[in-house]
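# Examining the three-dimensional arrangement
Residues per chain are reported as follows:
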Amino acid sequence: MSLVRRSNVFDPFSLDLWDPFDNMFRSIVPAASSDADTAAFANARIDWKETPEAHVFKADLPGVKKEEVKVEVEDGNVLLISGQRSKEKEDKNDKWHRVERSSGHFMRRFRLPENAKVDQVKAGLENGVLTVTVPKAEVKKPEVKAINISG
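Residues numbered from 1 in each chain as written. Predicted model: local features only at pLDDT ≥ 70, side-chain atom pairs only at ≥ 80, totals over all residues. Heavy atoms only, no water.

This part takes up unusual backbone geometry. Glycine aside, negative phi is the norm for most residues, and most peptide bonds take the trans geometry. Phi is positive for D75, which is not a glycine, with a value near 55°. Within the fold, D75 resides in the loop between β3 (69-74) and β4 (78-85). In this structure, N127 takes a positive phi of about 55° despite not being glycine. Take N127: its relative accessible area is 75%, and that puts it in the exposed class. (Helix = DSSP H or I, 4+ residues; strand = E, 2+ residues; numbered from the N terminus. Buried < 20%, exposed > 50% of the residue type's maximum accessible area, 1.4 Å probe, protein only.)

Within the open sheet, the 3 strands sit side by side as β3-β4-β5. Their pairing is antiparallel. Two strands lie at the open edges of the sheet, namely β3 and β5 (104-111), each paired on one side alone. Adjacent strand axes in the sheet meet at a mean angle of 15° when their direction is disregarded. Of the pairings in the sheet, the one linking β3 to β4 comprises 6 bridges and is antiparallel in character. By the bridge assignment for β4, V73 is matched with L79. (Pairing = 2+ DSSP bridges. Axes fitted to C-alpha atoms, helices over the stretch in contact; angles between N-to-C directions.)

Grouped together as the largest cluster of nonpolar side chains are 16 residues, with contacts concentrated most on F57, L61, L79, I81, L130 and V132. For this core, the element with the highest residue contribution is strand β7 (residues 129-135), accounting for 3 residues. For L130, the contacting residues outside a window of four places in its chain are F57, K58, A59, L61, V69, V71, I81, A123, G124 and L125. (Core = buried A, V, L, I, M, F, W, Y, C linked by side-chain atoms within 4.5 Å. Contact = heavy atoms within 4.5 Å.)

Keep in mind these numbers describe shape, not what the thing actually does.
This is the structure:
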């Protein structure tokens, strides 16, 4: 069991559903689909960067069609990226020597900061890379009013 994660466990914006006891229970209670390929694809790797204008998420999803991906905002500030990569059709005459490409379901959640404009989220899938852009609201500068000092 590995306790090393790519994302910061102290990141307040991360809602990765990581459980250190997950592997222990998986060995006791078999999953409905115990396909190792599904587990390999379940944690799609996603980069999150913040620019002055937006939060940008990029996910490598090679072989996934646009129709197989869902981008949603739930509970007002949680970005949900999910989908499925289908398994390749097997022909009885095929002789497989190696299978390394994974298939199955994936889902990732990210808690968005308060300045995210969740009603203006845009997503695009090009060359196997999903890009989700969440614009940021402009930070209002505090109004400063000078007060004359008498005396």
